[in-house]
Amino acid sequence: MSHRACYLAVCISGLLLFFQSCTPSDDEPTQGFKVEGIVTSENGTPLQGVLVNSIVDTVVTDESGFYSIFSYPVGALEFSKSGYVKWIEAVRSRPEINVSLTKESPTGVTLFTIKTVIQSCQTGGLDSNYQVVEIRDFGQGIGNFTLTADKLWVLKNRVFVNEGQTLTIEPGTIIKAGTGQVETACALVVARGGKLIAKGTAAQPIIFTSEDDPVMNDKFGAECLPTSLKAKDKGRWGGVILLGKATINAPGGETYVDGIPTTEPRAIFGGTDDDDNSGTLEYVSIRHGGISLAIGNQINGLTLGGVGRGTTLHHVEVYANAYDGFRFIGGTVNTKYLTSSFCGDDAFDYTGGWRGNNQYWFAMQDVDADRGVEGTSSEDKTALPASRPVIFNATFSGPGSDTGKRALSFFDNGGGEWHNSIFMAYAFGADIEFKGQTETDSYQRMVTKELELQRNILFDVSFQPWFALNNQSALSNSSTAVLQASNFVEEYFNRSENANRFEDPQLIDLVPKPGGPAAKQGSIPEDPFIEFTEYKGSFAP
């Protein structure tokens, strides 16, 4: 499947009803929306005595496992019983919620619970031997294991690939995740020293999605039910986190990934091996994630922490994530053919000293989005290495020129190179942080050519200058230094050696029109990883 076809196929799939915790006001009734359901053990036995708690009510299940409780339509229910793993479930205006609780595993053993179901297929007939396998990690990780396409795999908590373990996923496999909240949120985390080998194909991509998503294969690995979730359906599970041993600029050279408790040693990433290999992701679709793993801390569709250049990453998309699509935190991983569509914050975010080479990125954003790109390094301006990725041939279609959103923001000493790319439908082009002549900042990195934007096209951007300073405390000062810096950044756009343009790229279904402005040669790459093209943007004429 081509990069463009991969995107168009994903636009047909889709998911957001982002969970928000609510507290009752003085004039709100404490009883209103009723939720009922049955609580069972993982083998289907009704559980009596389960404490069910909402923000406005608390009840206990009866001998049949039944409960009836008042809640808020956008609230959550917490289910707890001694000897069982606590579960938190978002209500999302559902009047009936049935859940199953898992027994605690004091030995740390990872549980694989197999359920045989009768699966109705739109392609015709019934698949009576279809197996759903639920995975729960209690500390030992998933082990050296293969997820096959003939089964549906469901992550029921944070499932880790521990150091020394390799998780292999067959082409066409569908992996779903439970809809727990905060500490019961579900995600796949590849720990430092672990590997994920996920090699899909254009015809059989590997799909990560929510348990709410009806998309399904039959027992032969062929599509059985299509998705019915939409771009608005965000934040239904966690996401995929890949951690490695490459250099980052955190104090001591390592840190914990956001959203996982610091009591979890498997959440540490960073090191000294820039050639580290965390595995392979190709033809992988990550859909409808971004739920909170900690209070106020959503995760990205794909988080890459300290991932080394030995890792292979191409033809990966993130669709309808509640937070950033992709986030790079340090490391040296290189990428091609990444798609971030309809995500709730930034399409692409990098920080922590990331220095990868990249080509053929595509972003499509809606009104839920923030920036197209957020490029930072560290609040500690002396922290090394500083972020300086290289990106060629990106196409960014923003949420609209009337939304107040920016195509690119560089701050906290963020650098990088952007070449042969197209940015459309934003209120602002690029803003560059200026802290003053004595500060190390993104402006100084532009002056020293560690932040470069060359041979790019901007179109349908409301406000000039297309490149501008961004720091209110500095801009309130009309000193000569501020004026000089502002003029430098504004003039940078129009310099002949940079060859940036504000013009209609003349795209037809995102593809440059032959002979049009985007169908012309741009910058010539220096690194052999990046291919030379005679066009701008992600898609060839």
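Check the entry above for the structure.
Presented here is an overview of the structure given in this document. (Residues numbered from 1 in each chain as written. Predicted model: local features only at pLDDT ≥ 70, side-chain atom pairs only at ≥ 80, totals over all residues. Heavy atoms only, no water.)

## Thoughts on the overall build of the chain
Using the following cut-off: Starting at the N terminus, helices and strands are each numbered in turn, a helix being any DSSP run of H or I of at least four residues and a strand any DSSP run of E of at least two. For every accessible area listed, the method is Shrake-Rupley and the probe measures 1.4 Å; residues are considered covered only by the protein chains on display.
Helix and strand content of the chain: four helices and 43 strands. With the model as given, the accessible surface of the chain reaches about 20800 Å², and the carbon-plus-sulfur share is 49%.

## Comments concerning the side chain of Ser41
We apply this condition: Here a polar contact is taken to be a pair of N or O atoms separated by no more than 3.5 Å, where protein atoms must pair a possible hydrogen donor with a possible acceptor and residues adjacent in sequence count only if both atoms sit in side chains. Residue contacts are counted whenever heavy atoms from the two residues lie within 4.5 Å of one another.
Mapped onto the fold, Ser41 is located in strand β1 (residues 33-41). Of the polar contacts made by the side chain of Ser41, one reaches the side chain of Asn43; its length is 2.3 Å. Sequence-distant contacts of Ser41, that is, excluding residues within four places in its chain, are made with Leu47, Tyr84, Ser100 and Leu101.

## Digging into the packing of aromatic side chains
Rules: Only centres within 6.5 Å qualify two rings of Phe, Tyr or Trp (six-membered ring in Trp) as a pair; their planes then separate them into stacked at under 30 degrees, edge-to-face at over 60, and tilted for everything else. Residue exposure (1.4 Å probe, protein chains only): buried if accessible area is under 20% of the type maximum, exposed if over 50%, otherwise partly exposed.
Within the structure shown, the criterion is met by 27 aromatic pairs. Plain terms: the ring middles of Phe208 and Trp237 are 6.5 Å apart, the flat faces sit at 15° to each other, and that makes the pair stacked. Here the residue Phe208 occupies a position in strand β17 (residues 206-210), and Trp237 occupies one in the loop between β19 (223-225) and β20 (240-243), the gap between them amounting to 29 residues. Trp237 sits in the buried class, given a relative accessible area of 1%. A ring pair is formed by Tyr319 and Phe342, whose centres lie 6.1 Å apart and whose planes are at 90°; its orientation type is edge-to-face.

## Concerning unusual backbone geometry
Most peptide bonds are trans, and most residues other than glycine sit at a negative phi. For the bond running from Leu384 to Pro385, omega is 0°, close enough to zero to count as cis. Mapped onto the secondary structure, Pro385 falls in the loop between β32 (373-375) and β33 (390-397). For the bond running from Gln464 to Pro465, omega is -5°, close enough to zero to count as cis. When you line up the elements, Pro465 lands in the loop between β39 (457-461) and β40 (467-469).

## Things to note about the nonpolar core
Note the following rule: Residues enter a nonpolar core if they are buried and are Ala, Val, Leu, Ile, Met, Phe, Trp, Tyr or Cys, with the set joined through side-chain atoms within 4.5 Å.
Counting residues in each nonpolar core, the largest one holds 86 residues, and the members touching the most others are Phe396 and Trp418. Top contributing element to this core by residue count: helix α4 (residues 480-494), with six residues. Within the second largest apolar cluster, 15 residues are counted, among which are Ile241, Leu243, Val257 and Leu293.

## Here's the deal with the side chain of Gln359
With respect to the helices and strands, the residue Gln359 is situated in strand β31 (residues 357-364). Polar contacts involving the side chain of Gln359 include one to the side chain of Asn393, which spans 3.1 Å. What Gln359 contacts, discounting residues up to four positions off in sequence, is Thr335, Lys336, Tyr337, Phe392, Asn393, Phe529, Ile530, Glu531 and Thr533.

## Some thoughts on the environment of Glu497
Structurally, Glu497 can be placed in the loop between α4 and β41 (501-502). On the basis of relative accessible area, Glu497 is assigned to the partly exposed category, the value being 47%. Residues Glu497 and Arg455 lie 42 residues apart in sequence; the distance between their C-alpha atoms is 8.7 Å. Among all residues touching Glu497, those that are not within four sequence positions of it are Gln454 and Arg455.

## Brief notes about α4
Every α-helical turn comprises 3.6 residues, leaving residues that sit three or four positions apart pointing alike. Short version of the rule: Helix span, expected: 1.5 Å multiplied by one less than the number of residues in the helix. In this context, the arc is that of the directions from the helix axis out to the C-beta atoms.
Here α4 spans 22 Å end to end across 15 residues, near enough to the 21 Å set by a 1.5 Å rise per residue. All of the buried residues along α4 are Ala481, Val482, Ala485, Ser486, Phe488, Val489, Tyr492 and Phe493. For α4, the buried positions fall inside an angular range of 155° around the axis, keeping them on one side. Away from its buried face by more than 90 degrees, α4 exposes Thr480 and Asn494.

## A look at the sheet that holds strand β2 (residues 51-53)
Selection criterion: Two strands qualify as a pair provided DSSP detects at least 2 bridges between them. Angles run from 0 to 180 degrees between N-to-C directions of axes, and those axes are lines fitted to C-alpha atoms, restricted for helices to the stretch in contact.
The strand order across the open sheet formed by four strands is β3-β2-β5-β6, and the pairing between neighbours is antiparallel. Among the strands making up the open sheet, the edge pair consists of β3 (58-60) and β6 (87-90). Adjacent strand axes in the sheet meet at a mean angle of 20°, parallel and antiparallel pairs treated alike. Here β2 runs beside β3; their pairing, made up of three bridges, is antiparallel. For Leu51, the partnering residue across the bridge sits in β3 and is Val60.

## Points about the environment of Pro265
In this structure, Pro265 sits in the loop between β21 (255-256) and β22 (268-269). Overall, Pro265 belongs to the exposed group, its relative accessible area being 55%. Spatially, the C-alpha atoms of Pro265 and Arg192 are 9.9 Å apart, while their sequence positions differ by 73 residues.

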